[in-house]
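Structure assessment
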Amino acid sequence: MGRRPWLPDRPRQKLVSLRTTFAVSFAAVTAAVTILVGILSYNSAARLVRVDQQSVFTQVVQDVRDEVRQQAMGPGDFSSSRPGHDLVRPARTDVQVLGARGQIVDHGSPVLPVTSADKGAAVARPAGQVVQHKDVRVDEDLFRVATVSLGDGRGAVQVAQEFSDTEDLLRALQQRTLILMAAVVVAAGLFGWWLARRITRRLVILTSAAEDVARTRRLGIQVPVTGLDEVGRLGRAFDRMLGRLAQSEEDQRRLVQDAGHELRTPLTSLRTNISLLRRIDELPPATREDLVADLSQEARELTDLVNELVDLAAGQSDAEPPQRLDLADLAEDVVGLARRRTGRDVVLHTSGDTTTDGRPGMLQRAISNLVENAAKFDPDGRAPIEVDVAGPARPGTVRVEVRDRGPGIADGDLVRIFDRFYRAADARSQPGSGLGLSIVREVAMAHGGAPFAFRREGGGAVIGFTVGGGMAGGGGSG
C-alpha cells in the first residue's frame with residue numbers, strides 16, 4: 001500500500017456550547033440595555049438638577065434687582081445682622097455686601113473675590129445693574145456670582161451659589177449608577193447561565209442519547225425528555241423515530257431469519273437432486289422423469305418464495321404515495337382477474353361508503369392474496385368465493401372479507417395464520433410460501449387497520465382486514 005501524502009493539520013474549531021452562547025448573549029443584551037438606560041437616566045437627572053440650581057440662582061438675583069429698583073437701599077439694608085436678611089440669603093446661597101468704593105463692608109462665607117467689574121457696579125448710577133461671573137473658584141469650591149448695583153454709587157450686593165457640591169453629588173450618583181449597572185450585568189449573566197442550563201438540559205440529554213445511538217448502534221435507547229414546548233416535541237419525535245427504526249431493524253432481522261429458514265429446505269432438496277444428475281445415465285427412465293419433475297417443481301417453489309419476499313418487502317415501503325380511493329373498485333378488479341385465472345365463481349358484495357385514504361397497489365395486493373388463498377384451499381369447491389366490502393364498520397373504517405367453503409381453519413391456527421411462513425399442518429402439502437396472509441397483515445396495519453380470521457358457520461373460513469383510523473408511517477410491524 002502506498003503511503004498517504006502528508007497533509008498539514010487543520011486547526012480544530014473550538015466548540016462553543018449552546019448554554020454558553022445563550023448565557024453570553026443574554027448578559028450582552030442585558031448589559032447593553034442597562035448601560036443605555038443608566039446613561040439616559042443619569043443624563044436626565046443631572047440635567048434636571050443643574051437646571052433647577054440655575055433657576056433658583058436666577059430667581060434670587062432677579063428678586064434682588066426688583067428690590068433695589070423699587071426703593072433706594074444701602075449696604076446696611078443687606079447686612080447679615082439686619083432682621084429680614086434671609087429673604088436674599090436662601091439655602092446654599094452666599095451674600096457679600098460692597099460699599100460705595102467697592103470695599104467689602106459685610107463679607108460672605110466664604111469671602112468672595114471682588115473684581116474691577118464688581119467695583120464698577122458698586123459706583124454705578126443705575127440701580128439693578130448686574131455683573132455675572134461663572135466658575136469662580138474660592139478655595140477648593142466653584143461658585144457662580146452675580147453682582148447687583150444699589151444705584152447712585154451707594155455700593156453693590158454680591159450673590160453667589162456654590163455648584164461644586166452639586167457636581168460632587170452628581171459624581172457620586174454616577175459612581176453608584178455604574179456600580180448598579182455592573183451588578184445588574186453580573187446578575188443577568190448568572191441568571192442567563194441558570195436559565196440556559198435549565199433550557200438546554202433536555203437538549204443535552206437528547207444529544208447524549210443521539211451520541212449513544214451513534215456509538216453503540218442500539219436503537220432501543222429511551223429518550224427521557226418531557227415538556228410541551230419545542231424541545232419536548234423534538235424529544236418525543238426522536239423517541240418515536242428510534243422506536244420505528246428499532247422496529248424496522250427487528251422486522252428486517254426476522255425476515256432474513258425466516259427467509260433463510262424457508263430457503264434452506266428447497267435448497268437442500270435441490271442440492272440432493274443435482275447430485276443425482278451426475279448419475280442420471282444410470283437411472284431408469286421413470287426415475288429420470290421424476291427427477292426432472294422434482295427439479296422443475298422446486299425451481300417454481302423457489303421462484304414463488306422469492307416473489308413473495310419481494311412483495312413483502314415492497315409492502316413495507318412508503319414509495320407508493322397514499323391517495324383517496326374506493327376499495328370496492330379495487331375489489332372489483334381483483335374479482336375479475338380471479339375469475340379469469342381460476343375459472344371459479346367469485347361474487348362481490350359492497351355496501352356503504354367504501355372510500356378511504358390508502359396506497360392502491362398495496363391494498364389491491366392484499367385483496368388478491370385473500371382471494372388466491374380461498375381458491376387455493378378450496379380448489380374443487382362448487383360454492384362461490386364471496387368478497388364483501390363494507391363501510392364504515394365504525395367512523396372512518398372500511399371492512400374487507402373473503403368467505404369460502406373450504407376445509408376451514410383449526411382453532412389453534414387462527415391466531416397464527418398471519419405469521420410469516422406459517423402453514424397449518426394440513427396445508428403443508430399445498431403450494432405456497434406462507435407469506436400471502438402475512439402481507440395482508442402488513443398492508444392492514446400500514447393503513448391503520450388490522451387483519452382478522454374466523455371459522456365460517458356451515459364450513460369454510462372468513463378472512464379479511466380493516467383499513468382506516470389513520471395511515472401508519474410505514475409498513476407496520478412484523
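Going by what an unreviewed UniProt entry lists, the protein is known as histidine kinase and is assigned to Streptomyces rameus. Heading Subcellular location (unreviewed entry) of the UniProt record for the protein holds this comment: "Cell membrane".

What the five strands build is an open sheet, ordered 7-9-10-12-11; its pairing is mixed. The strands lining the two open edges of the sheet, one partner per strand, are strand 7 (346-352) and strand 11 (451-455). For this sheet, the mean angle separating the axes of adjacent strands, direction not counted, is 15°. Both strand 11 and strand 12 (residues 461-468) contribute to a ladder of five bridges, which runs antiparallel. In the sheet register, R455 faces strand 12, and the bridge partner there is A461. Contacts from helix 8 (residues 436-446) reach strand 11 and strand 12 within the one sheet, and its direction differs from that of strand 12 by about 25°.

Time to look at the nonpolar core. Grouped together as the largest cluster of nonpolar side chains are 36 residues, with contacts concentrated most on L327, L363, I367, I463 and F465. Secondary structure elements with two or more residues in this core: helix 6 (327-342), helix 7 (360-377), strand 9 (385-391), strand 10 (397-404), helix 8 and strand 12. Counting residues per element, this core draws most heavily on helix 7, at eight residues. Other than its neighbours up to four places away in sequence, I463 contacts L370, N373, E401, V402, I409, I417, F418, L437, F452 and A453.

A few words on the UniProt feature "transmembrane region" (unreviewed entry) in the protein. Residues annotated in UniProt with the feature "transmembrane region" (unreviewed entry) correspond here to residues 21-42 and 178-196. In the segment residues 21-42, helix accounts for 100% and strand for 0%; the C-alpha atoms at its two ends are 31 Å apart. Annotation note: span residues 178-196, helix share 100%, strand share 0%, distance between end C-alpha atoms 26 Å.

The next thing to look at is the packing of aromatic side chains. Counted by the stated rule, this structure contains two aromatic pairs. Ring centres of F452 and F454 lie 6.3 Å apart, and the angle between their planes is 20°; on these two criteria the pair is classed as stacked. Residue classification places F452 among the buried positions, given a relative accessible area of 14%. A residue is classified by how much of its surface remains accessible, and F454, at 35% relative accessible area, is partly exposed. Lying over the aromatic face of F452, R399 brings its terminal NZ or CZ to 3.9 Å of the ring centre.

Moving on, we come to the pattern of salt bridges. Inspection of every chain in the model, using the stated rule, returns eight salt bridges. Close ionic contact of R456 with E386 constitutes a salt bridge, the shortest N to O distance being 3.0 Å. Here R456 is found in the loop between strand 11 and strand 12, whereas its partner E386 is found in strand 9, with 70 residues between them in sequence. For R456, a relative accessible area of 14% gives the class buried. Looking at E386, the relative accessible area reads 18%, which means it is buried. Between R441 and E442 there is a salt bridge, with the nearest N and O atoms lying 3.7 Å from each other. Taken as a pair, R441 and E442 share a single burial class, namely buried. The network of salt bridges with common partners includes E386, R399, E401, R403 and R456.

Cut-offs used in this document
- Residues numbered from 1 in each chain as written.
- Predicted model: local features only at pLDDT ≥ 70, side-chain atom pairs only at ≥ 80, totals over all residues.
- Heavy atoms only, no water.
- UniProt positions renumbered as here; feature names shortened; annotations may be inferred.
- Pairing = 2+ DSSP bridges.
- Helix = DSSP H or I, 4+ residues; strand = E, 2+ residues; numbered from the N terminus.
- Axes fitted to C-alpha atoms, helices over the stretch in contact; angles between N-to-C directions.
- Contact = heavy atoms within 4.5 Å.
- Core = buried A, V, L, I, M, F, W, Y, C linked by side-chain atoms within 4.5 Å.
- Buried < 20%, exposed > 50% of the residue type's maximum accessible area, 1.4 Å probe, protein only.
- Phe/Tyr/Trp six-rings, centres within 6.5 Å; stacked < 30°, edge-to-face > 60°.
- Lys NZ or Arg CZ within 6 Å of the ring centre and 35° of its normal.
- Salt bridge = Lys/Arg side-chain N within 4 Å of Asp/Glu carboxyl O.

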